[in-house]
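The primary structure of each chain is shown beneath.
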Amino acid sequence: RGAREPSPEADYEAAVRALEEEGTRMVCTGRTHTDRLCRFQALCYSTEAGEFVFFHGNASVMLPSLGPRRFQPALLDLSSVEDHSAQYFNFVELPAGALRALPRPRFVSEAVLIANRFNPDNLMHVFHDDLLPVFYTMRQFPGLGPEARLLFMEGRPPGPHFDLYRLLSPHAPLMREHLGGLGRLLCFSQAYVGLSKATTWYQYGFVQPQGPKASILVSGVEIRRFAGFVAERLNATAGKGPPRGEGYIVVFSRTVNRLILNEAELLLALAQEFRMKTVTVSLEDHTFADVVRLVGGASMLVSVHGAQLVTALFLPRGATVVELFPYAVNPDHYTPYKTLAGLPHMDLHYVAWQNTKQENTVTHPDRPWDQGGIAHLDRAEQERILKSREVPRHLCCRNPEWLFRIYQDTKVDIPSLLQTIRGAGRARPGPGDPQTPGGLYPSKVKEARCRASVQGASQARLSVSWQVPWNLKFLKVKDVQYEVWIQEQGENAYMPYILNHQNHTFADNIKPFTTYLVWIRCIFGRNLLGPFADVLVCST
Ligand code: UDP
């Protein structure tokens, strides 16, 4: 060690002094607690109190400065699940002077992303709520990046899929229960708190029955980029699977509950119908890398509704997802995998099949409630559930009728299933005709102009012209059209026109001595609508 290099002790004392003087700094993005992510410098955590601590020093900032609204209901969501009261983040405030009465701080100098896992026992939740949001939050902030350390605060055991969380960073994730071992007062020099919700597509039904999120912001491009990363880290990329071109079908089976009772018959029937090899996989009998490798090369994935279907995100473009629903479970009401398959540019076909024959279902009324048992309910309620032919819409998460029905075992009626797959038309086992990802949108038309002329007391014309959008010359677009709206100033209504040329003279319904607003935009390939150019104001 060089003579001029400060000793760790001196560094440490300097760091403590800096913390005492400067305090914690926080700057967040987002206008509400549900879309907020925060960057902290010198965010501390008292393992004894089980609380994060914000020290007020002479350099402290707290943006947003919410006052008591910080508790209404919280500063931010720690998990990617929106506004879940068990997943809120907040901190306790102290004057920096309180440090003298607290245990000596232990500093964590590397950048840390702090978040909650939502349900680490369930594969769908692992991917949708944790892995994807963590992956893209790490890539949102340069202070994090793909090597950042993760700190999970939900306090649950690592769970059966912990190895998947390890793939996200070269550094092992920290868990809340590790923190006590690191020190009594930990201070994170660089901490980012919260998860991006940009990649989630489903809401689980806490306030309204489950369904796709109202505003989905992610496309198959980002999902597949992430899937490629995971496959790469697992050494399970498609190239390492069975030889390409030899289509095969994967039946993803569950071995504990929600069984397919005639799985062998199903395998045989699929193989015959589609003249393809058919293999079964399960989370119990395969490593996750094997699952990814097998699904990654499959033409079709067939499985009963359940978390294992999230592995559809590893399917190649053009493949088909066939989701089987037990008796009385309406496929339209439970669509996490349909929504995934249908994301723009995901390029998967999706087919739902439902068992409609009561004689083909096996119920389990005597199991524990969380596996669908109903013996704990009063007789009348049990009778009602047994007679019901469809589970009514319901909220998450303990609806006994839903659990009773979703944990049924099913004998799949093969002719009906094959009929459903055939009926879905394009849903042949792929790879079929994946749309080229990412049709690009036109930019604004350039040099838009308008000239008015009056012909006599009752006739007028508007001559409108413009130049092609700037980005057209870089693209191979065959089908270019223009949309022109002509709106009389002060009116809500407008006349829309679709044109193929870059100029047009409008004479119909154009009045003299009137002011018109003219809106012009370009359209590529009939459905890629560009932005309107600045409105033209044109008086006859
Ligand atoms: N699971 C499994 N095999 C089974 C039953 C469950 O691998 O026979 C997995 C399932 O994929 C999920 C977790 O166990 O990751 C919890 O399953 P649960 O039935 O609670 O949830 P669901 O699949 O309905 O989301």
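Small disclaimer: the values here were computed from a predicted structure and weren't measured.

1. As for the site of the ligand
Here comes step 1: By nearness alone, 14 residues border the ligand, and Arg254, Val256, Glu284, Ala307 and Tyr407 come closest of all.
Here comes step 2: Leu123 places a polar main-chain atom, nitrogen or oxygen, 2.9 Å from an oxygen atom of the ligand.
Here comes step 3: Here an oxygen atom of the ligand sits 2.7 Å away from a polar atom, N or O, in the side chain of Tyr407.
Here comes step 4: In isolation the ligand exposes 510 Å². Once the protein is present, 76% of that is buried.
Here comes step 5: In terms of residue class, the shell around the ligand is made up of 5 nonpolar, 5 polar and 4 charged.

2. Overview of the pairing of strand 1 (residues 25-29)
Here comes step 1: Looking at chain direction, strand 1 and strand 2 (residues 37-46) are connected through 5 bridges and run antiparallel. Within strand 2, the position partnered with Met26 by the bridge is Phe40.
Here comes step 2: Both strand 1 and strand 4 (residues 61-63) contribute to a ladder of 3 bridges, which runs parallel. If you follow Arg25 over to strand 4, its bridge partner there is Val61.

3. Observations regarding the packing of aromatic side chains
Here comes step 1: Within this structure, the stated rule accounts for 27 aromatic pairs.
Here comes step 2: Each ring, one from Phe118 and one from Tyr204, has its centre 6.3 Å from the other, and the planes form 15°; the classification is stacked. Within this pair, whereas Phe118 is found in the loop between strand 8 (105-115) and helix 2 (123-138), its partner Tyr204 is found in the loop between strand 12 (202-203) and strand 13 (211-212), the two being separated by 86 residues in sequence.
Here comes step 3: A relative accessible area of 11% places Tyr204 in the buried class.

4. Digging into the sheet that holds strand 17 (residues 320-325)
Here comes step 1: With parallel pairing, 5 strands are arranged side by side in an open sheet as 15-14-16-17-18. Here the strands that pair on one side only, and so sit at the sheet edges, are strand 15 (277-281) and strand 18 (349-354). Averaged over neighbouring strand pairs, the angle between their axes works out to 20° when direction is ignored.
Here comes step 2: Across the sheet, helix 7 (residues 288-296) lies against strand 14 (248-252), strand 15 and strand 16 (300-304), angled at about 140° from strand 14, the strand it touches most.
Here comes step 3: The sheet strands contacting helix 11 (residues 414-423) are strand 16, strand 17 and strand 18, and the helix crosses strand 18 at an angle near 150°.

5. Observations regarding the confidence of the model for the protein chain
Here comes step 1: Looking at the protein chain, the pLDDT average stands at 95 and 96% of residues meet or exceed 70.
Here comes step 2: Below pLDDT 50 for its whole length, residues 432-437 participates in 10 contacts with residues either more than four positions away or in separate chains.
Here comes step 3: Confidence estimates for the predicted assembly give a pTM of 0.94 and an ipTM of 0.99.

Rules used throughout
Residues numbered from 1 in each chain as written. Predicted model: local features only at pLDDT ≥ 70, side-chain atom pairs only at ≥ 80, totals over all residues. Heavy atoms only, no water. Near = heavy atom within 4 Å. Polar contact = N/O pair within 3.5 Å; in protein donor to acceptor, adjacent residues only side chain to side chain. Areas by Shrake-Rupley, 256 points an atom, 1.4 Å probe, with all protein chains shown as cover. Nonpolar A, V, L, I, M, F, W, Y, C, P; charged D, E, K, R; others polar. Pairing = 2+ DSSP bridges. Helix = DSSP H or I, 4+ residues; strand = E, 2+ residues; numbered from the N terminus. Phe/Tyr/Trp six-rings, centres within 6.5 Å; stacked < 30°, edge-to-face > 60°. Buried < 20%, exposed > 50% of the residue type's maximum accessible area, 1.4 Å probe, protein only. Axes fitted to C-alpha atoms, helices over the stretch in contact; angles between N-to-C directions. Contact = heavy atoms within 4.5 Å. pLDDT = per-residue confidence, 0-100.

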